Structure formats: structure tokens, C-alpha cells
Amino acid sequence: MRAWLAQEFGAPTDVLRLDEVDVPEPGPGEVQITVEAITINFNDIDGIRGRYRTVPIEPPYIPGMEVLGRVRAAGEGGEGMIGTRVCAIPAGAFGGYAEIAVAPVAMTFAMPDEMDTAAAASVYMPFHVSSLALYERARLSADDTVLVHAAAGGAGSAAVQLACARGARVIATAGGPEKLRFATELGADVAIDYRNDDFVARVLDATGGRGVDVAFDTVGGATTLQTFRCMAFGGRHLLVGFASGIEAEDEGIVPRPVLFGNFSLFGVCHAYTEDALEFKRATGMNFPSHADGVRLHEDILAMIAAGAIRPIVGSTSSFSALPEIVGAMESRATMGRNVVIVD
Amino acid sequence: MRAWRVDRPGEPSEVLRLVDAPVPEPGPGQIRVRVTAAGIGLPDVLMCRHTYPLTPPGSFIPGQEGTGVVSAVGPDVDVALGTKVMSTTSFMEGSGSFAEEYVTPAQASFTVPSGLGDVDAAGFWIPNLTAWIGLVDRARLEPGEWLAVIGAAGGSGIAAVQLGRALGARVVAVVSDEARAEYCRHMGADEGLNYRDGDLAGRLRQMTDGHGVDAVYDPVGGPVAEEVATALARHGRLLAVGFASGSWARIKTINLVVTNTSLVGVYAGDYRRDELDAIHAELSNLVSSGRLQNAVTTRVPFDDLPSALQRLADRSVIGKMVMVW
């Protein structure tokens, strides 16, 4: 089968090479998927750059943490999914830049056959992450004001929509007029250009000095620390990702500003497991179960069917043009989701 | 009036000076309280050292809370002289409760809960208010959830142990020796763990059948808090209440993310009077129905205050101390 391999760590357009490799076989609890489309994530870029901490890997390897496709074979426990169209996170969160990928059943969810390829490929990561963050961790209500950073990005655009669907007031940050316009179209009540404006001052202005009840933060680093200053009394600051670079997180934070601000920092991790307690015993991590994920997935599909939210396709590319779109995403030149069709 | 005053930073036994200080005059909105008893807490030690964030500049009388009777009122204050009160003090302006009298905003004084004597009530309000804000308001602790309390044998910790128990949580006291563990069990903790025995996170997970603890009440900070945080369950809340160890816990944001847990700030200073009244009513109910006991273990005569504060500084006190006249 054909696959894109990162030959070494470096810039995506420099180190990704198309190659012919062996087809991966599914083990117990895994499914083998004929890939219909690949969706690019920032974690892919962290991996290619050699700074992905969650699952360390050495090149050469096949990046790619999100695929849409159809289950063609399965190991023990996954047989029931054979023939089903699915979205999935491949095993270890890599291996997706390929014609065939293997994914754990726990990270695989059914998709409707009739949904357009690019739209279907744009659903999984942003809506699962945003729903886990806003609905499950922060228990968002219509009374809340929500600050969404990087609101034109994959996760951010989903978060704006889910917050609006719940009736919350949304303040969005993004870079440049086009992204601001897009955030407003999605339903944001206030849109702030973080490149030209002091977003802390603007958020405080927009809330009468009170600050926001919930912050959706996929950026990390200095942005996280600045966001502390616009949290309302009792606010929930959702730590969802570290797009500004995971290196900045090594230092850790001390609770002093969190204590005197009377707000909370909520860690949000999107990953499901078949046996949550056994997984905790082995790793110390707390993941929701696959059954939790299935319920959440069905809610998202129902909201899409009802027109309450929509997947945001930013671009579609052919399989041969994959490195270019990964590079464009790294340089912040894209909006919404970037989908690569396996043609 | 007689008072203990701090004129320079240092250890309590060295810098607390017995002085004849002027009786403070209540300003607008303030009352003056003739002290019956005063709560003693670690912040008093930190104020002697000038390491507490709210330490006033210059000379000051420490003592953050007390009970007594109203002896004078400022302009526009409608409180009868002789009224018994339980209150925080204007320690940030230098008028603390380690004296014959202190002043405080009338808005900061409350009735003594029925069922508590004046001495017991003197050390009740700050620890229990903070524990209520942390466990109820901020952590939304549910009956049956697992609560770990760090520094559980201290004045702040033991209030959280008792309130956690009164709220129906299963309480694990995390302490530094067996005597403190025994004290906490006696005061209502389901379990007592000595962190010096090692593998604290592993033992907490084992104790909870792999589930982990749902909330951690942390007035201590430092490495113990960092380790207990790794035993949090999904949706677990680490309540940052203080830094009795002298250092905050250093929390990695990435660890909050991969464990789906939260770091929750708990600060009692910003609450409105109507919110405080509601909490006062809830706590008073728990006391009068016998579900919340007072935790005063040691009564310290006024003259012995410096040595008592020094014992607190040296970590040799178990439970809550109150200064009495």
C-alpha cells in the first residue's frame, strides 16, 4: 500500500516521502480500515517535528491521527464493525497517512454512509474534543459567557458552534479579519484579533469587567497565563491543547493566581478506552469509556442532522498533495479542517 | 490595652512583643470587639515572617479571627453594644485579635452558632468557611465521593475532614505520622495515611479500588500535593487552598489534560455578605444538629501566645489552637 512516511524529524514538506509499505494487520481489539480520507491535526505536526510527548515515536514512521474509511477486517472483539463506515484515531495516534490503517475499537465510531466524504472526515476530533470540554467537563449552560481561542481552527470552530447551540454567549479570538469574520458567521457575539488587540482588555470590556465563565484554550503557553486575567469568579478554564508548543508546559504552573482568582483549570483529554479502571491502573490516566464516546458521538450526529452544528471543511486535497497542506496548516494559513482524499 | 505586636519580620518567639497599644477606634462601617478568644492559624506565623501575601506594612497586631462582645461602633453602624459576635479582624490594617480589643467591618461579623461556646467559635469561622467554599461551592463534593485532605491534622485540614464527613464524603486524612492519623480517625476520617510511608498515590488508588480520589483539599502545597494529585479520579478536583509547606505545588498542565482532572482555586476573601450569610446558616445548622463538631484541641493563655505560635511554626501542634483571655 502507499503511505506518507516521515523520514526524519523536521519541516513536513521536507521530511514527508511517499513510499510503498506493508499493510498493517489488526490485533485483538483493533480494526483494519480502508482509508477514504485523512484529516490533518496539529498533533501530526508535533510528531513530524519530533516534539510529540504523549506517544513518543522514532522516524521513519507514518504520521496521521485521524481517518475516515470502512472497516475491512478486525481482530478479536472488532468483528461487529466489519463493513461499517467509520471515523477513527489509529493505534498510537499515528499511521493514518496511508491507504490502510489500524485503529483500536475504543477509538472507532460509526459514520452515516450518506454523508459527503469531506464533511464526514471533519467531524470526529473537533466535535468530540469540544463536547468533552464544554458539555462534559465544564457543564456549560445558557447563562455562561465563553471565550474561545483560535476560534477559526478545527477545534475552535466546533467549540464556537457547540457553545452557541447551548445558548451561551461566545467571545472568539483569532488572527486576521478573515478568521474573525468566520468566527462571527459561526455565531460568536464578539470577535477579537489577538494580533492587533490586547485580548485581555477586550474580554474584560465585553463582560463589564467580570471576565468569562468558561475559556476554551487550545493554545497554551503565554496565552494560557494571560487568559487567567480574564476569568470570572468561579470560572472554568479548559486546557484542551498546546498549539503554541508543548515545550512551554514543562515549567508547570503554581496555583497562586488560580487560588486568588477563585477559578479552576480543567484538563480535558480526548481519548477513550475499553477498560477505564484497568487503564488507570496501568498508566495513571483517566479516560472515558468507549461507551461514553458512543453516546457523545450519537449526540453530535443528531445535532448535525438537525442543522444545529455543521462540520467545517477548510480545504480538500489529493493524496499526492498531502505534505503541502500539512505545511500550510503549520504556518496558520488554513481555516477549518484540512481533508486529504485518498484517491 | 495589652497586645502582641510585630515590628519586624522573624520567627514568632523572637518578634512578637507584648506592648501597651492604644485601643483602636472604629471607623465608618466598623465595630470594635472586646476579645473573649482568638483563633490561631498558620497565616499568623507567616505574617510574623512577612511571608503571608496580605501582611500589612509596618508594625501590626496579628490574629485573623476571634469572638467577643461589641464595645464601640463607628459612624452609621447600627449594632448594639454588648452584642456577642464571631468575626474576622481588620488584621490587614494592623488590628488583629491577639489583643484586648480589635476593630473589624460590621459586615465581617456574624452571630456565634448555637451549640458552640465562645472559645470554640473563636477558631471556627475561617477554617470552616474556607472548607465550605472549597468542598461545596468550588468542588461540588457529592455524598459517597472520596475526599483526600492533606495536612489533615492541622487547623485548616481538620475542618475539611469534619465538613467532608458531614457532607457524606469518604475522607482520607493525609498526615506526617501515626499520632496525627489516629487523631484524624478520631475526628471522623475514614482512613489516615502517613505520607512518609511512601507510594502515597498507589495506596490512595488501592484504597479506592482503582477509582482514585474525587477531590483533594490542599492547604499544604509542595511535593505531597503533587503526588496526591496523581491519584485523582476522572473529573477529580485538586483544591488549592494554601501553601503551609512554604511552597505551592507545581502542577503540569499536561498532567491535568491527560488525567482529565482540574486544579481549583479556593479563596474566601471575595465573597459577598449575602453569600457569607447563606454559608453561615448552613454551617450553623450542621453544628446545632450535631453533625459538625468543633475541633479546638488546645486553649492558649494570652501570655503564652508567642510560644504557642512557635510550636505551630515548628509543626509540633496537632489540631486547632485558640487564644483565651
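It should be emphasised that the depicted structure is a prediction, and the values quoted were computed from it without experimental measurement. (Residues numbered from 1 in each chain as written. Chains lettered and ligands numbered in written order. Predicted model: local features only at pLDDT ≥ 70, side-chain atom pairs only at ≥ 80, totals over all residues. Heavy atoms only, no water.)

1. A short note on helix α4 (residues 124-137) of chain A
Residues and elements named next belong to chain A.
Stage number 1. With 14 residues, α4 should reach 20 Å at 1.5 Å per residue; the first-to-last C-alpha distance of 18 Å fits that figure.
Stage number 2. S131 marks the point of greatest bend in α4, at about 25 degrees.
Stage number 3. Burial analysis of α4 places 13 of its 14 residues in the buried class, the great majority of the element.
Stage number 4. Just beyond α4, the residue with positive phi is R139, at close to 45 degrees. (Helix = DSSP H or I, 4+ residues; strand = E, 2+ residues; numbered from the N terminus. Expected span 1.5 Å × (residues − 1). Bend = angle between axes of the 7 residues up to and from the residue. Buried < 20%, exposed > 50% of the residue type's maximum accessible area, 1.4 Å probe, protein only.)

2. A word on the state of the cysteines
Stage number 1. Within the structure shown, the criterion is met by zero disulfides over all chains.
Stage number 2. For C164(A), which is in no disulfide, the shortest distance to another cysteine sulfur is to C230(A) and amounts to 18 Å. (Disulfide = S-S within 2.5 Å.)

3. Description of the packing of aromatic side chains
Stage number 1. Inspection of the entire model under this criterion finds eleven aromatic pairs over all chains.
Stage number 2. Relative to F263(A), the ring of F228(A) lies with its centre 5.3 Å away and its plane at 55 degrees, an arrangement referred to as tilted. Of this pair, F228(A) sits in the loop between α8 (221-227) and β12 (231-239) while F263(A) sits in the loop between α9 (256-261) and β13 (264-267), placing them 35 residues apart in sequence. Comparing F228(A) with F263(A) shows no difference in burial state: the two are buried.
Stage number 3. Here the aromatic rings of F110(B) and W125(B) are separated by 4.6 Å at their centres, their planes lie at 45 degrees, and the arrangement is tilted. A residue pair is termed long-range when its members are at least 10 positions apart, and F110(B) in strand β7 (residues 109-110) and W125(B) in helix α4 (residues 125-138) qualify at 15 residues. (Phe/Tyr/Trp six-rings, centres within 6.5 Å; stacked < 30°, edge-to-face > 60°.)

4. A closer look at the sheet that holds strand β11 (residues 212-217) of chain A
Stage number 1. On the basis of which strands lie adjacent, the open sheet formed by twelve strands has the order β10(A)-β9(A)-β8(A)-β11(A)-β12(A)-β13(A)-β13(B)-β12(B)-β11(B)-β8(B)-β9(B)-β10(B) and mixed pairing. Of all the strands in the sheet, just β10 (190-193) of chain A together with β10 (191-194) of chain B have a single pairing partner and so form its edges. Direction aside, neighbouring strands of the sheet carry axes that sit 20 degrees apart on average.
Stage number 2. Two strands pair when backbone bridges link them, and β13(A) and strand β13 (residues 262-265) of chain B are joined in this way by three bridges, in the antiparallel orientation. Looking at β13(B), one finds that F266(A) is bridged to S262(B).
Stage number 3. Each of β8 (145-148), β9 (169-174) and β11 of chain A is contacted by helix α5 (residues 154-165) of chain A, which is oriented at about 170 degrees to β8(A), the strand it contacts most. (Pairing = 2+ DSSP bridges. Axes fitted to C-alpha atoms, helices over the stretch in contact; angles between N-to-C directions. Contact = heavy atoms within 4.5 Å.)

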